[in-house]
Amino acid sequence: MDAIMLQEKLVERLLCPRVRTARQKEKQYVGFATLPNQVHRKSVKKGFDFTLMVAGESGMGKSTLVNSLFLTDLYKDRKLLNAEERINQTVEIIKHTVDIEEKGVKLKLTIVDTPGFGDAVNNNECWKPITDYIDQQFEQYFRDESGLNRKNIQDNRVHCCLYFIPPFGHGLRPVDVEFMKALHEKVNIIPLIAKADCLTPNEIKKLKDRIREEIDKFGIKVYQFPECDSDEDEEFKQLDKELKECTPFAVIGSNTVVEARGQRVRGRLYPWGIVEVENQSHCDFVKLRNMLIRSHMHDLKDVTCDVHYENYRAQCIQEMTSKLAQDNRMESPIPILPLSTPDADTEKLIKMKDEELKRMQEMLNKMQQQMHDKDQ
Amino acid sequence: LSAGQPSRKRSHSSGGGSTLLGYIGIDTIIEQMRKKTMKTGFDFNIMVVGPSGLGKSTLVNTLFKSQVSRKSAGWSRDEKIPKTVEIKSVSHVIEEGGVKMKLTVVDTPGFGDQINNDNCWEPISKYINEQFEKFLKEEVNITRKKRIPDTRVHCCVYFIPPTGHSLRQLDVEFMKRLSHSVNIIPVIAKSDTMTVEERQEFKQRVRKELEMNGIEFYPQKEFDDDIEDKSDNDKIREMMPFAVVGSDKEYQVNGKRVLGRKTPWGIIEVENPNHCEFAQLRDFLIRSHLQDLKEVTHNIHYETYRAKRLNDNGGLHPITSNDTQESNL
């Protein structure tokens, strides 16, 4: 049954006490259990946004993977640079935004691309433009959040960074380690093994073990999947366990459709066989997609807000207060950002909202009282 | 003999040469040379350059069908990547059909593995010049050894990562600087990551970039001896860089045991020309141009080095090591 219809039915039952069912006699049903549905409805109306960063050397298949994940073609008119043109190029930050809608749910997806990363002969600190960008987004959000008109804050914070590790090596390279260490406290890092179709299953396993070992050894904090709730069913727990043991995901991307086993699937056609992107025995693309989009998108946003952003904010505030103390002014535990005095219109709006809230609260109380009386 | 009749006398010549009045036996010199070569055997020094993990050792082992190169497992927990590129050379004697070859594989661990790879080609360049210097010193001795041990690098196989885009800056820098002192053979490593179309496009782009940067890889156009050479070499140049896959494991395919890589979607056969160009590389490197590689190294690269040395110093420094006498150049 549709969530909205269910909600309305419940409200009906509350307000028309004569229509009582046996079940209602048992439960003292208030109705706020429908809250998730209300949130759902409001969110659907508002739409979601998600900012995904992709990082790694040229030619790791980043663009293809992004296109495969979101079934778009974000890089249609891209021109590939040759070695000469890349000589003086520094790492750039390029944003692509696309609006995707599926079953009434709108997603504003922003992909942050980092061309030039790791491509030079000397790659010292090539991650600096990237860390600077992430910090800038935090700073902008911090300012907006502390400002007055918070209705339309644009959240440009990077929720997740997919880092592409080449499959050709024996594990993490120095540049991989340094990059992840520079970013693991600013953004959720999900390391991926790129172009995994050039590895046999044994090689993939060895590489994954090696990478996991090295991540431990170097103390890199990659994104951790949250623990399952103890009341989840066994199947979910099993899936969750498999997911965690599969990291880093070995992925393949493709935008071309090929014919395999009588079906048309996305894949890569080789003289020796066809690699299917969505075949779980070929690569972990499906796991990545499910994790990134279908189960953990929200958690990624939460961790960004609650952990990475808060770290940044706390650091920022500390710096500000220590600066204030240095200037011999009174130390204040709360940051005093230059706030402008509220204007008359905004004040009126705030009052109106307050009154509305009060009214809603009274209505809820009345309903509760009614029910309570009826049951006496 | 009348003019119209074919010679009745026994003639070993093959067409033409009917003006010989008898058989002299000049052609047996080829046989003599062969016998001699088989007895003395010959040296071949191959260098492999490329970032770690591109399958360099596996490829060399596959080329020479023996474990002549030790595969690295990457840098282990306690090992640190060397700050400068190391040069490690290992020699093996392999034999085939009565012919002995002393194969030396020169490995260059650490190349391209650091974050800052500036000048990582210098140790390699230095090594190559050192081998030339060694040979030169032997050559200018008064009493020379009968057969000067040849440690000069005859061929440098450069491994290009299969990004599918184009050459990286590091690739261009290395090949630009070293193509004048050694025969460079660029190969596209681990090419099983590209489909046939991607491979063709990548090769074209790489060739264009090599041309734009004036990089002459082996076989160099300027050293083609004659028309026949040129046409043979042109065909090879069209195919380069060879897109290769290496493997030391065998699998059963269509009743035959082949070298390959087994994936969930099929078996990649290393020696199948439809799968990759390993067979073409092997034929080119070993079966047709092995001797030419040595000759170009000796006649051109080494001579260039020698001429430069003679010009630079206005003559060679007298040799001061104990077991040789002063040169009187």
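Residues numbered from 1 in each chain as written. Chains lettered and ligands numbered in written order. Predicted model: local features only at pLDDT ≥ 70, side-chain atom pairs only at ≥ 80, totals over all residues. Heavy atoms only, no water.

The name given to chain B in an unreviewed UniProt entry is Neuronal-specific septin-3, with the source organism recorded as Poecilia reticulata. Recorded in UniProt for chain B, the comment headed Sequence similarities (unreviewed entry) runs: "Belongs to the TRAFAC class TrmE-Era-EngA-EngB-Septin-like GTPase superfamily. Septin GTPase family." (UniProt positions renumbered as here; feature names shortened; annotations may be inferred.)

The name given to chain A in an unreviewed UniProt entry is Septin, and the organism recorded there is Poecilia mexicana. Of chain A, the UniProt comment under Subcellular location (unreviewed entry) reads exactly: "Cytoplasm". UniProt lists a comment for chain A under the heading Sequence similarities (unreviewed entry), and it reads "Belongs to the TRAFAC class TrmE-Era-EngA-EngB-Septin-like GTPase superfamily. Septin GTPase family."

Glancing now at the packing of helix H2 (residues 56-63) of chain B against helix H7 (residues 278-288) of chain B. Residues and elements named next belong to chain B. Where H2 contacts H7, the two axes come as close as 11 Å, and the packing angle between them is 65°. With respect to each other, H2 and H7 are oriented roughly perpendicular. In this structure, the crossing between H2 and H7 has a hand that is right-handed. The residues of H7 that touch H2, namely those facing Leu59, Thr62 and Leu63, are Phe278, Leu281, Arg282, Leu285 and Ile286. In terms of residue class, the contact of H2 with H7 is built from six nonpolar, one polar and one charged. (Axes fitted to C-alpha atoms, helices over the stretch in contact; angles between N-to-C directions. Helix = DSSP H or I, 4+ residues; strand = E, 2+ residues; numbered from the N terminus. Parallel < 35°, antiparallel > 145°, perpendicular 65-115°, else oblique. Left-handed = near helix turned anticlockwise from the far one by under 90°. Contact = heavy atoms within 4.5 Å. Nonpolar A, V, L, I, M, F, W, Y, C, P; charged D, E, K, R; others polar.)

Cis geometry marks the peptide bond from A:Thr247 to A:Pro248, where omega comes out at -10°. Relative to the helices and strands, A:Pro248 resides in the loop between helix H8 (234-245) and strand E6 (249-250). Along the chain, B:Tyr218 connects to B:Pro219 via a cis peptide bond; the corresponding omega equals 0°. Tracing the backbone through its elements, the reader meets B:Pro219 in the loop between helix H5 (196-212) and helix H6 (227-239).

Turning next to the environment of A:Ser146. As for its position among the elements, A:Ser146 is in helix H5 (residues 128-146). A polar contact is formed between the side chain of A:Ser146 and the backbone oxygen of A:Phe142, at a distance of 2.8 Å. (Polar contact = N/O pair within 3.5 Å; in protein donor to acceptor, adjacent residues only side chain to side chain.)

Let's shift gears to the nonpolar core. Of all hydrophobic cores here, the largest spans 156 residues; its most connected members are A:Leu162, A:Phe179, A:Leu292, B:Phe174 and B:Ile185. B:Ile185 has contacts with B:Cys155, B:Cys156, B:Val157, B:Tyr158, B:Tyr218, B:Met240, B:Leu281, B:Phe284, B:Leu285 and B:Leu293, leaving out every residue within four places of it along the chain. (Core = buried A, V, L, I, M, F, W, Y, C linked by side-chain atoms within 4.5 Å. Buried < 20%, exposed > 50% of the residue type's maximum accessible area, 1.4 Å probe, protein only.)

Attention shifts here to the packing of H5(A) against helix H10 (residues 297-326) of chain A. Residues and elements named next belong to chain A. At their nearest, the axes of H5 and H10 sit 10 Å apart, and the two run at 80° to each other. It follows that H5 is roughly perpendicular to H10 by the angle criterion. The segment H5 lies against H10, with Asp135, Phe138, Glu139, Tyr141, Phe142 and Glu145 engaging Thr304, His308, Tyr309, Tyr312, Arg313, Cys316, Ile317 and Met320. Here the contact of H5 with H10 is composed, by residue class, of eight nonpolar, two polar and four charged.

The next thing to look at is the pattern of salt bridges. The final tally for this structure, using the stated rule, is 41 salt bridges over all chains. We note a salt bridge from A:Arg266 to A:Glu278, for which the minimum N-O separation is 2.7 Å. Here A:Arg266, found in strand E8 (residues 263-270), pairs with A:Glu278, found in the loop between strand E9 (273-276) and helix H9 (285-295); they are twelve residues apart in sequence, far enough to count as distant. Classification of A:Glu278 as partly exposed rests on a relative accessible area of 40%. Through salt bridges that share partners, B:Lys65, B:Glu271, B:Arg282, B:Asp283 and B:Arg287 make up one connected network. (Salt bridge = Lys/Arg side-chain N within 4 Å of Asp/Glu carboxyl O.)

Okay, the interface of chain A and chain B next. Contacts between the two partners involve 45 residues from chain A, matched on the other side by 48 residues from chain B. Between chain A and chain B, the buried area comes to about 4000 Å², and carbon and sulfur atoms account for 55% of it. If you sort the residues of chain A by the area they bury against chain B, A:Val121, A:Phe168 and A:Trp272 come out on top, with a joint share of 22%. Connecting chain A to chain B are two salt bridges. A:Arg268 is the partner of B:Glu198 in a salt bridge, and the nearest nitrogen-oxygen pair spans 2.6 Å. At the boundary of chain A and chain B, one finds eleven residue pairs in polar contact (both at pLDDT 80 or more). (Buried area = accessible area lost by both parts, 1.4 Å probe.)

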